[in-house]
Amino acid sequence: MKYTKAFLTDKSSANTYRNLKEVIIMSSFEKNLSEGNVAKQLILFSLPFLASNIIQSLYSVADMLIVGRFSGTTSMSGVNLGSQVTLILTNIVVGLCAGGTVLIAQYLGAKRRKDMQETTATLLTTLTIAAVAITVLMLILKKPILHLIQTPAESFAEADRYLTVTVLGLIFIFGYNVFSAVMRGMGDSKRPLYFVLIACITNVILDLVLVAGLKMGALGAAIATVFSQAVSMITCIVVMIRNNFVFDFKPSSFIIKKEKAIKILKLGTPTAIQNGVTSISFMIITTLVNIIGGVNASAAVGVVAKFNSFAVLPAVAMGASISTMCAQNIGAGKWDRAVKTCKIGTVIAFCISGCIFIVAQTSFEHILRLFNDEPEMLKYGVQYIRTFSFDYLLMPFVFCINGLFIGAGHTAFSMVNNMLSAIILRVPVAVVFGLVLNLGLTGVGLGGPMASVGAIILIGVFLISGRWKENKAL
């Protein structure tokens, strides 16, 4: 209403009209998270983010569920191993995007619109180039990687087919994550939800056609995943262009501003390395699982991974929401409001994660049976989740407090913290208890919660030091 009134009082001014139009257009994508009730803002912003992550995990689960029901444990193992390799690459890109998200959010909070536009253009251009380069590299290295992680001979062909198709579709997987990061940095968590919902519906339909109907196994699951991501990304681009998004997707707009690229890499590279190392540590654990139990153990841990993708979402979504909201508030100079955001988010995430822990401890065998009722697979899955699920009680503290640090630009601390916990604790604990002490998957599962314990200790030290209060982003 106030914009309309301003326009009516100065109809003769073309400049006023253009400025007014720009404000209205930008406001459709931007949301100021540095004002209003903190709890309400955080919940309203995090819920669409949580819902979109749940849906994104849902179509990953749909692959495993439909493959398990119609193609057996061999194809399940192939999908699990192939998707883990793809996940490492995706997590690295998500980490780089985190640098762009923090910058965009802080520029928005500081009302530096031109810097925000240049950051968006640089982020999109850089990751488009990266997607092409990584695709070529992975097509060369995919088979050596599958051999390196001790892929069971029975499921090697399935894993290879799955990985080949998903690598060819990396541009779509990367694209969706970049667009989502930019929109969330601007305070818009609703549109990414709509786009991932489109992908989920498309994926499930194609899974039923290609895997259940045409019996294409892991190959069909991979085609469904890539095609659904492509549909989601293209829809996202169309909506952005029609709504005058800050980036217009013209060839001339794909530019790299050196200063912005350096800042994105400075903030995003630590998170990318952290995500990569964390994913690799889980890949090493998958290798241990392959050695301990072969195809059935691999399939069981694959199901646990799908369950885990849901279980971690409250902590992940809240942590990312805290990061964006804190970045806007810190950009606006409101540190107390940023701290309050972190406290409220941590409590909410812990309450939800606690409920998930109870489900994992009491009902996981029933969940396993939805995928496959092979007795050996059920045994391995229950053994693994019994100890691994204790991590659900610890992750809210890790993700949410790290969200505050990342919002202030301390991505390097987050990287060092997670790398140390993964390298010094997660993998060694899994090896010692799983292989050396011969506790099998029960011992391997201890790696997750022990890594989080180490991370929480380092977070406490950093909090007490007070060094996190320095804004490293701008």
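You'll find the structure just up there.
Keep in mind that what you see is a predicted model, and the values were worked out from it rather than measured.

Thresholds, definitions, all that
- Residues numbered from 1 in each chain as written.
- Predicted model: local features only at pLDDT ≥ 70, side-chain atom pairs only at ≥ 80, totals over all residues.
- Heavy atoms only, no water.
- Axes fitted to C-alpha atoms, helices over the stretch in contact; angles between N-to-C directions.
- Helix = DSSP H or I, 4+ residues; strand = E, 2+ residues; numbered from the N terminus.
- Parallel < 35°, antiparallel > 145°, perpendicular 65-115°, else oblique.
- Left-handed = near helix turned anticlockwise from the far one by under 90°.
- Contact = heavy atoms within 4.5 Å.
- Nonpolar A, V, L, I, M, F, W, Y, C, P; charged D, E, K, R; others polar.
- Patch = residues over 30% accessible without salt bridge, like charges linked within 9 Å, V, L, I, M, F, W, Y side chains within 5 Å.
- Areas by Shrake-Rupley, 256 points an atom, 1.4 Å probe, with all protein chains shown as cover.
- Salt bridge = Lys/Arg side-chain N within 4 Å of Asp/Glu carboxyl O.
- Buried < 20%, exposed > 50% of the residue type's maximum accessible area, 1.4 Å probe, protein only.
- Expected span 1.5 Å × (residues − 1).

Draft legend 1. Inspection of the packing of helix H6 (residues 170–185) against helix H8 (residues 217–242) at higher detail. It is the contact of H6 with H8, at a shortest axis distance of 8 Å, that shows an interaxial angle of 40 degrees. Here H6 lies oblique to H8, going by the angle between them. Crossing angle aside, the handedness with which H6 passes H8 is left-handed. For the pair H6 and H8, the contacting residues are Ile171, Phe172, Ile173, Gly175, Tyr176, Phe179 and Met183 in the first and Val226, Gln229, Ala230, Ser232, Met233, Cys236, Ile237 and Met240 in the second. Residue composition of the contact of H6 with H8, by class: 12 nonpolar, 3 polar and no charged.

Draft legend 2. The arrangement of a nonpolar patch on the surface in detail. On the surface, a nonpolar cluster with roughly 600 Å² of combined accessible area is contributed by Ile291, Val432, Phe433, Leu435, Val436, Leu437 and Leu439. In terms of residues, the nonpolar patch owes the most to one element, helix H14 (residues 411–436), which gives 4 residues. Secondary-structure assignment places Val432 in helix H14. A relative accessible area of 37% means that Val432 is categorised as partly exposed.

Draft legend 3. Representation of helix H10 (residues 313–331) within the structure. The end-to-end C-alpha separation of H10 is 26 Å, in line with the 27 Å expected for 19 residues at 1.5 Å each. Along H10, 17 of the 19 residues are buried, which leaves the element largely enclosed by surrounding structure.

Draft legend 4. Representation of the side chain of Ser77. Looking at the element boundaries, Ser77 is found in helix H3 (residues 38–109). Among the residues examined, Ser77 registers a relative accessible area of 0% and is labelled buried. Those residues in contact with Ser77 that sit more than four places away from it in its chain are Pro152, Ser155, Val295 and Ser298.

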